[in-house]
Amino acid sequence: MKQPDRPQKGGAVNDSELQAKPRTPRAVVSSESEQLERIRTCVFPDAGSGSVDVAHQMARLIRERGDAGRTTVLGLATGSSPIRVYEELCRLHREEGLSFARVVTFNLDEYYPMDPDELQSYVRFMHEHLFDHIDIRPENIHIPDGRLDRADVYDYCQDYERLIAEAGGIDLQLLGIGRTGHIGFNEPGSTRESRTRMVTLDRLTRMDAAADFFGESNVPRRAITMGVGTIMEARELILLAWGEAKAAVVQKAVEGPVTESITASFLQSHPDVSFVLDSAAASELTRFRRPWLVTQCEWSNRMTRRAVVWLSHSLGKPILKLTDADYSEHGAGDLVTEQGPAYTINIRVFNELQHTISGWPGGKPHADDSNRPERALPFPKKALVLVPEPAGDVIGMGGTIRRLVEQGHEVHVAYLTSGGKLVSDPEARRFVDFILGIGGLMGDANEALRGFASQARRDLDGKRPGVVDSTAVRRIKGLIRQGEARAAIRLCGVDDANIDFLELPFYDTGRSRNNPLSAEDIDPLIALLETIQPQQVFVPGDLQNPGSTRRMSFEAIENAMKSLACRKASWLNDCWFWVYPEGWREWDLDEIDMAVPVSPDELDRKSEAIYQHQSQKSPTPSGARGSGEFWQRAEAVNRALAERYDRCGLAEYEGIEVFRRWKPFE
Ligand code: F6R
């Protein structure tokens, strides 16, 4: 995927614009490449820099209005997206004297029912992340109340609207975007005119919140939210989106038609709205995904490959049959002019794609490796697969792991976290009964074991849904996943002695949220790498939401690498790094450096390995590829990748697993 290498600001926001004055909707775009974008987008390399920028915009507004003796009315959001903005606002208050004494806030939403003290309450969230660390007056804080009687909700919502109006309206509203396209909790079907009200949450939204509530069944079905109409009345709107999971919905909201099925698309008609994105969330915008359609573009090898594959798929023609006319009639005439004729480009791209395919993921010994993705030597190799949470390994590369083992390489697998947060209470209870049964079989000698299991049983039986687990229950949930991980990876042929569970402390918080990384997370990784000294390391992708376990695992690995590079660990010179896909997004063919074919039998065995992760039921929203359990989705993704190669006119395989070369030291 092409990443913008510097912040790109479509219509940068300047100080004077922060004076809450209306602007005309986006009639003029600041560059040709943004011509399809109907909302101003500001793209930053990462969530951190984007968040700091937004916090500084908010601070300027508060200061300017404060200096003029005026109050600032902020509309605030919760969720993972604004966390770093709030962190920076707290820092500005602490270190630079930013005062919130003249700030009034209105939050977008709250689950219903919800007690403010509950872990998942947005009241609690706002206090933990912002209000407890700044000098805002308690009476200036407004958050929808999740404790109301159902009969009182309507009047309460009317009052909420009245309070906003009495405060003078919202000067600046912060928003996130859900994968359903919601703003606030305005799910698909909400109208442009909707006001503050009780709503029913979409299934996908509840699934996304499942980790916070320790299971989808604990997520409330309802919420109270400001309406689209309420939000649209704010004088300025800033929507934050980070990570590749948001890329598709951001593209629809920014470039697609205005529709009730993506409520964020209503923002297109707001006079002063910006989407602040990291490069992963912006990656589906046409100017990044298919820049040749909107502007002159630099035809790097990858970009050429992307355009050719896109042309081949959109025209339903194998690459070698594309003609000069196909290129010029579909926005890629420029490419033919620069590098043509079509035939030359076709052959080159076809060969490049062909060379990514290899049934020898550890390199083929005694073979010419000049056109193979991996080196022939050294042989055999020591390969290390780093896995954020159990199941990621077999889902992402179960077929490849098996091949590596069968081809004589020494394969190690290390799980960075236990993944225990994703085990349901009934599942844990089942295992507690099992342990108690074993305790009974063993008699009194195992009093300690029985005591532990009885405690876990009491903890589980007395637990309200969505509440933090006791230490005993956490241990059991972690062990359940470790057992599944062993069973699965054993089926791929990995030796028990080569399996490690690092249990990095950033994950083991007892809450759904992870702690920030510390040296205690990095040191065990460094120690493992130093002990194994691998020649191949497989790492998960880095484009997930900040704060997510996958993303933090990637950051921990990156930090460990940097530290090893500083120590000049000599084995690193002979080590290649490969990224395997951890999310469910199917990679485009230009993103792939190694494609490992998976035969029908291998795909069956891979599914069997994934199936060992039985505590992980995975319903997918209808319509998503491979709806169903993990193994079904993994099969569907591998088959779809094979089909893409096939449609380009390359060999037809049952399935394909894919990898991207990562050069952490360049
Ligand atoms: C939260 C809210 C929601 C979230 C959205 C994105 O107050 O209104 O619209 O902004 O669901 O959530 P995250 O940021 O967790 O991805």
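Everything here concerns the structure above.
Reading the values: the criteria
Once a new chain begins, its residue numbering starts again from 1 and follows that chain's sequence as written. For a predicted model such as this one, the threshold for reporting local features is a pLDDT of at least 70, and the threshold for listing and counting side-chain atom pairs is 80 or more; totals across whole chains, interfaces and linings nevertheless cover every residue. Each side-chain value is derived from all of the structure's non-hydrogen atoms; neither hydrogens nor water enter the calculation. The secondary structure listing takes helices from DSSP runs of H or I that are at least 4 residues long and strands from runs of E that are at least 2 residues long, numbered from the N terminus. Just to be clear, the radius of gyration here is over C-alpha atoms, and the globule rule we use is 2.2 Å times residues to the power 0.38. Here's how the labels work: a residue is buried when its accessible area is under 20% of the maximum for its type, exposed when over 50%, partly exposed in between, all with a 1.4 Å probe on protein chains only. We call two residues in contact whenever any of their non-hydrogen atoms come within 4.5 Å of each other. We get accessible surface area from the Shrake-Rupley algorithm with a probe of 1.4 Å; when it comes to residues, only the shown protein chains can shield them. Two strands make a pair as long as DSSP finds a minimum of two bridges between them. For every element, the axis is a line fit to its C-alpha atoms; helices are fit only across the contacting stretch, and the angle between N-to-C directions ranges from 0 to 180 degrees. Salt bridges are counted wherever a side-chain nitrogen of Lys or Arg sits within 4 Å of a carboxyl oxygen of Asp or Glu. Take the number of residues in a helix, subtract one, and multiply by 1.5 Å to get its expected span. Two rings from Phe, Tyr or Trp (for Trp, the six-membered ring) form a pair when their centres sit within 6.5 Å of each other. Planes less than 30 degrees apart are called stacked, planes more than 60 degrees apart edge-to-face, and all others tilted. The criterion for a charge sitting over a ring is simple: Lys NZ or Arg CZ within 6 Å of the ring centre, and within 35 degrees of the ring normal. Asp and Glu are treated as the negative residues and Lys and Arg as the positive ones, with His and the ends of the chain left uncounted. Under the rule applied, a polar contact is a pair of N or O atoms within 3.5 Å (in protein, one hydrogen donor and one hydrogen acceptor; residues adjacent in sequence only if both atoms are side-chain atoms). Orientation categories follow fixed angle ranges, with anything under 35 degrees roughly parallel, anything over 145 roughly antiparallel, 65 to 115 roughly perpendicular, and all other angles oblique. Gly counts as polar in this scheme, as do all residues outside two lists: the nonpolar Ala, Val, Leu, Ile, Met, Phe, Trp, Tyr, Cys and Pro, and the charged Asp, Glu, Lys and Arg. If a single non-hydrogen atom of a residue is within 4 Å of a molecule or strand, that residue counts as near it.

Caption draft 1: Up close: the overall build of the protein chain. Looking only at helices and strands, the protein chain features 21 helices and 18 strands. For 666 residues, the compact-globule estimate of 2.2 N^0.38 gives 26 Å, and the C-alpha radius of gyration of the protein chain, at 26 Å, lies within 12% of that figure. Taking the principal axes of its C-alpha atoms as reference, the protein chain extends roughly 85 × 80 × 45 Å. Counting every position in the protein chain, which comprises 666 residues, the buried fraction comes to 56%. Contacts spanning at least 24 positions in sequence make up 76% of the contacts within the protein chain whose residues lie at least 6 apart. When the accessible surface of the protein chain is totalled, it reaches about 27,000 Å², and 50% of it is carbon and sulfur.

Caption draft 2: View of the environment of Val-539. Relative to the helices and strands, Val-539 resides in strand β15 (residues 536-540). Relative accessible area serves as the criterion here: at 0%, Val-539 is assigned to the buried category. Not counting chain neighbours up to four residues away, the residues in contact with Val-539 comprise Leu-386, Phe-554, Ile-557, Trp-578, Val-579, Tyr-580 and Trp-662.

Caption draft 3: Structural context of the sheet that holds strand β17 (residues 594-598). Spatially, β14-β13-β12-β15-β16-β18-β17 is the arrangement adopted by the seven strands of the open sheet, whose pairing is mixed. Two strands lie at the open edges of the sheet, namely β14 (499-501) and β17, each paired on one side alone. Taking each pair of neighbouring strands and ignoring which way they run, the sheet shows an average axis angle of 25 degrees. Pairing geometry for strand β12 (residues 382-387) and β15, over three bridges, is parallel. Bridge pairing in β15 places Ala-383 opposite Gln-536. Sheet strands in contact with helix α21 (residues 630-647) are β17 and β18 (655-662), and its direction is about 85 degrees off that of β18.

Caption draft 4: How the structure looks around the environment of Gln-455. Mapping Gln-455 onto the fold places it in helix α16 (residues 447-461). On the accessibility criterion, Gln-455 (34% relative accessible area) is partly exposed. A sequence separation of 294 residues divides Gln-455 from Glu-161, and the C-alpha atoms of the two residues are 48 Å apart.

Caption draft 5: Fine view of the environment of Ile-143. Inspection of the secondary structure assignment puts Ile-143 in the loop between β6 (141-142) and α5 (153-166). The residues touching Ile-143, leaving out its near neighbours within four places in the chain, are Asn-107, Asp-109, Tyr-122, Val-123, Met-126, Phe-131, Tyr-156 and Tyr-160.

Caption draft 6: Highlighting the pattern of salt bridges. Summed over the entire model, instances satisfying the criterion amount to 48 salt bridges. Residues joined in a network through salt bridges with shared partners are Glu-88, Arg-91, Arg-94, Glu-95 and Glu-96.

Caption draft 7: Geometry of helix α15 (residues 425-442). If you check α15, its first and last C-alpha atoms are 26 Å apart, about what 18 residues at 1.5 Å a residue would give, namely 26 Å. Phi turns positive, to about 75 degrees, at Gly-443, one or two residues after α15.

Caption draft 8: Expanded view of the packing of aromatic side chains. In total, this model carries 14 aromatic pairs according to the counting rule given. Summarising the aromatic geometry, the rings of Tyr-122 and Phe-185 are spaced 6.1 Å apart at their centres and angled 20 degrees between planes, so their arrangement reads as stacked. Residue Tyr-122 is found in helix α4 (residues 122-129), and its partner Phe-185 is found in the loop between β7 (172-175) and β8 (197-200); the two are separated by 63 residues along the sequence. By relative accessible area, which is 10% here, Tyr-122 ends up buried. On the basis of relative accessibility, which here comes to 5%, the residue Phe-185 falls in the buried class. Looking at Lys-421, its charged tip hangs above the ring of Tyr-507, at a distance of 4.2 Å from the centre. Directly above the aromatic system of Trp-576 lies the positively charged group of Arg-661, at a separation of 3.5 Å from the ring centroid.

Caption draft 9: Representation of unusual backbone geometry in the model. A cis amide bond links Leu-377 with the next residue in sequence, Pro-378, at an omega value of 0 degrees. Tracing the chain through its elements places Pro-378 in the loop between α13 (342-356) and β12. Residues Phe-379 and Pro-380 are joined by a peptide bond in cis, for which omega reads -10 degrees. Phi angles above zero are rare outside glycine, and Glu-503 is one such case at about 45 degrees. With respect to the helices and strands, Glu-503 occurs in the loop between β14 and α18 (519-532). Judged by its relative accessible area of 36%, Glu-503 falls in the partly exposed class. Of note in this structure, Lys-568 is not a glycine but carries a positive phi near 55 degrees. Tracing the sequence through the fold places Lys-568 in the loop between α19 (549-566) and β16 (576-580). Residue classification places Lys-568 among the exposed positions, given a relative accessible area of 70%.

Caption draft 10: Quick look at the side chain of Glu-187. Structurally, Glu-187 is set in the loop between β7 and β8. Notably, Glu-187 is buried but unbridged: the nearest opposite-charge side chain belongs to Arg-206, and the N-O separation is 8.7 Å. A distance of 3.0 Å separates the side chain of Glu-187 from the side chain of His-182, its partner in a polar contact. A distance of 3.1 Å separates a polar atom in the side chain of Glu-187 from the backbone nitrogen of Asp-202.

Caption draft 11: Up close: the sheet that holds strand β5 (residues 109-112). In space, the three strands of this open sheet follow the order β5-β9-β8, with antiparallel pairing throughout. At either end of the open sheet lies a strand with only one pairing partner, and these are β5 and β8. Within this sheet the neighbouring strands show an average axis-to-axis angle of 30 degrees, counted without direction. Strands in contact with α5 are β5, β8 and β9 (222-225); relative to β8, the strand with the most contacts, it is inclined by about 120 degrees.

Caption draft 12: Representation of the packing of α15 against helix α17 (residues 471-491) within the structure. Where α15 meets α17, the axes come as close as 10 Å, and the angle between the chain directions of the two elements is 90 degrees. In terms of axis orientation, α15 runs roughly perpendicular to α17. From α15, Asp-425, Glu-427, Ala-428, Phe-431, Val-432 and Ile-435 reach across to α17, where they touch Ile-476, Lys-477 and Ile-480. Across the contact of α15 with α17, the residue classes tally to six nonpolar, no polar and three charged.

Caption draft 13: Looking closely at the site of the ligand. Surrounding the ligand, one finds 14 residues, the nearest of these being Ser-81, Asp-109, His-182, Gly-184 and Lys-246. At a separation of 2.5 Å, an oxygen atom of the ligand approaches a polar side-chain atom of Ser-81. At a separation of 2.7 Å, an oxygen atom of the ligand approaches a polar backbone atom of Gly-184. The fraction of the free accessible surface of the ligand (400 Å²) that becomes covered by protein chains is 87%. Across the shell around the ligand, the residue classes break down as four nonpolar, eight polar and two charged.

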